[in-house]
Structure formats: structure tokens, C-alpha cells
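Listed here are the chains, written in short residue letters.
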Amino acid sequence: MSNLKDKVVLITGSSKGIGADMAKAFAAVGAKVVINYASSETAAQAVLTDIEAQGGQAVIVKADVSKEAEVGALFDQALQTYGRIDVLVNNAGVFDTCAIKDSKEAEFDRQFNINVKGTFFTLKEAATKLADGGSVINFSSSTTKVMFPGYGIYSASKAAVEQMSRVFSKEVGRGISVNSIAPGPTNTELFLTGKSEETLARLAASNAFNRIAEPEDITRLGLFLASDDAKWISGQTIAANGAMA
Ligand SMILES: NC(=O)c1ccc[n+]([C@@H]2O[C@H](COP(=O)([O-])OP(=O)(O)OC[C@H]3O[C@@H](n4cnc5c(N)ncnc54)[C@H](OP(=O)(O)O)[C@@H]3O)[C@@H](O)[C@H]2O)c1
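This structure is a prediction, so every number in the text was calculated from the model and none was measured.

Turning to the nonpolar core, a few remarks are in order. Where a protein is soluble and globular, its nonpolar side chains tend to be buried together. With 54 residues, the main nonpolar core has Val9, Ile11, Ala23, Phe26, Val33, Ile35 and Leu88 as its most contacted residues. The dominant element in this core, judged by the number of residues it contributes, is helix α1 (residues 17-28), at 7 residues. Excluding anything up to four places from it in sequence, Ala23 contacts Ile11, Ser14, Val33, Ile35, Val47, Ile51 and Ala58.

Rendered as C-alpha cells:
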């Protein structure tokens, strides 16, 4: 992906999991990366140290994506540091499983505030602050296509992200492409937390490759969607799930 060299890539929630893997991968192909976190400062610092050890360029900006003022400051700090933002990866997200009848309002609010409102705030900023010809990559989930009990609130939040993404792809203009990635089960803290060996084996068996994805399985799609090769792809949700759904 040589055309990513010197592009400025802002990745929300890149202290851990898929976002951290993407930060390292974009830096490895010569992009300048804005690492964002909300609470995991040590993990964000480890991502930066790793990138710099490989000769890459990155900066860390703390911001909670569910807070509008912090998202504005995140974009402004990225612009002050690198002068432009070419790619926005809206990766920050949270997940909880609970049957709808047992779910509390606070858990609904947490998932919608971070997953949906967080995407809304960053898209508002991107509308004026992303460079012409840039790319936006939002994060949905393959759970929008399956009816897993316990995933009602999370899947609803990701369905909202998908639809906002499709509409934004036609609103934004200026040659900016906008897509969503919908991963299947992927080996990260978000996915592994609270799951038994039996559940993990059942989910691994739900795709055609009989394994849980690794973050790099998702990162490769992110690199492609951010590249000039993917310019004609916009307004789409692209699943990376090994034929799970
Ligand atoms: N893993 C999967 O199986 C899977 C499947 C489908 C979709 N996804 C989606 O993929 C994306 C990445 O998930 P992951 O599995 O890599 O999760 P993860 O390992 O739990 O990492 C989540 C990242 O989001 C950040 N974050 C959380 N709340 C934030 C906030 N309010 N503001 C800014 N950053 C925040 C976290 O940073 P802090 O700790 O600093 O808050 C962390 O860096 C999410 O959108 C998730 O819904 C994941």
C-alpha cells in the first residue's frame, strides 16, 4: 500500500485490540498516525513505543469519543501536529451482552454514547476537517446480521453506525469515501472478556475457517479501504468474518 506513505491517519480507540494493530500497520507503511485512547494511557504509550522502535511516526491524543468537545480537540490537535488528516478510522467501541429484558438503561446509554454518538461526533468533525480525497472507515459488527441472544443493544448500536455511514457517504462530498467494516469474532479484550472455552469454540466453528480472527485479519481490510486502490468503494459495509454471516 505505497500510496499510504505520509498520509495522516487518525484512529479512535487505538490503545488496544484492532485499533492498536491498525496503528502499527499504518505506521509500518509510512503513514503518520494519531493514536487515541480514553483511559488506557499505558497501552497507548506501548503502541507509540512500538511504532517509534520500527522507525514510524505517531502521536498520542487522549479523548473520550462520546464527548463532543473532546472529539473537537482531538481533530484540532491532529491538525496542529501534522497539518492535515487524510483518514479517519472510527474504531473506538464497547460491547456488552445481556438479554434485552434484563438490560439496564445505563448499559444502553454507554453502548450508544460510545458506539453511535462517538461516530456521530467524529463524522461531524470529518465533514470539514478531513482532507479532500480522504477516507472514513467506520466500525460495525457482523452481529448486525445474526440474531445472537444477548446482543440486542450492541447490534442495534452497530446497525445505527452502518446507516449513518451510508448517509454520510452521500453527504460529505469532496472525494471522500466512507465505508464500514463489520468484523466477526476477533481475538481482542472486547471479544474475549467473560467468554468460556465452550463459547469460544462454538464461535470459532461459526465461520468457514474454524478459528477466531486475529486483529490483522481486520487491519488488512482497513489498509485497503484507506488506500487509493479502494477509492470507488463508498457507502458500503464490508464484512471480514470468514463467511460467518
Ligand atoms: N473484537 C471483536 O470480536 C469485534 C467484532 C465486531 C466488531 N468489533 C468492533 O471493533 C472495534 C474495536 O474493537 P476491539 O475488539 O479492538 O476492542 P478493544 O480491544 O476493547 O479496544 C477498544 C478500544 O476502544 C477504546 N475506547 C473505548 N471507549 C472509548 C471512548 N469512549 N473513547 C475513545 N476510545 C475508547 C479503548 O481505549 P481505552 O481502553 O483507552 O478506553 C480501546 O483502545 C469496536 O468498534 C468493536 O465494536 C469488534
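Moving on from the model shown.
With that out of the way, let us pick up the packing of α1 against helix α8 (residues 215-226). Between α1 and α8, the shortest axis-to-axis distance is 9 Å and the interhelical angle comes to 55°. With respect to their mutual orientation, α1 and α8 come out oblique. Handedness of the α1/α8 crossing: right-handed. Only Pro215, Glu216, Ile218, Thr219, Gly222 and Leu223 of α8 make contact with α1, whose side of the interface consists of Gly17, Ile18, Asp21, Met22, Ala25 and Phe26. Here the residues of the contact of α1 with α8 are counted per class, giving 7 nonpolar, 3 polar and 2 charged.

A sheet is described by the order of its strands in space; here 7 strands give the open sequence β3-β2-β1-β4-β5-β6-β7, paired in parallel fashion. Both outer strands of the open sheet, β3 (57-62) and β7 (237-240), are each paired with one neighbouring strand and no more. Neighbour-to-neighbour, the strand axes of this sheet turn through a mean angle of 20°, independent of strand direction. Against the sheet, helix α4 (residues 105-129) contacts β4 (87-90) and β5 (135-139), and its axis sits at roughly 170° relative to β4.

Once that is clear, we can look at the site of the ligand. What surrounds the ligand is a group of 31 residues, the closest being Gly13, Gly17, Gly93, Thr188 and Leu190. In terms of residue class, the shell around the ligand is made up of 13 nonpolar, 15 polar and 3 charged.

Looking now at α8. Look at α8: 17 Å from first C-alpha to last across 12 residues, which is about the 16 Å you get at 1.5 Å a residue. Listed as buried for α8 are Pro215, Asp217, Ile218, Thr219, Gly222, Leu223, Leu225 and Ala226. On the buried face of α8, the contacting elements are β1 (8-11), α1, β4, β5, β6 (177-183) and β7.

The subject of this paragraph is the environment of Asp50. Along the chain, Asp50 turns up in helix α2 (residues 41-53). Take Asp50: there are 16 C-beta atoms within 10 Å of it, and that puts it in the partly exposed class. Remark: the alpha-carbon pair of Asp50 and Ala23, spanning 27 residues in sequence, is separated by 10.0 Å.

Rules of the game
Residues numbered from 1 in each chain as written. Predicted model: local features only at pLDDT ≥ 70, side-chain atom pairs only at ≥ 80, totals over all residues. Core = buried A, V, L, I, M, F, W, Y, C linked by C-beta atoms within 7 Å. Buried ≥ 20, exposed ≤ 12 C-beta atoms within 10 Å, placed from the backbone. Helix = DSSP H or I, 4+ residues; strand = E, 2+ residues; numbered from the N terminus. Contact = placed C-beta atoms within 7 Å. Axes fitted to C-alpha atoms, helices over the stretch in contact; angles between N-to-C directions. Parallel < 35°, antiparallel > 145°, perpendicular 65-115°, else oblique. Left-handed = near helix turned anticlockwise from the far one by under 90°. Nonpolar A, V, L, I, M, F, W, Y, C, P; charged D, E, K, R; others polar. Pairing = 2+ DSSP bridges. Near = placed C-beta within 6 Å. Expected span 1.5 Å × (residues − 1).

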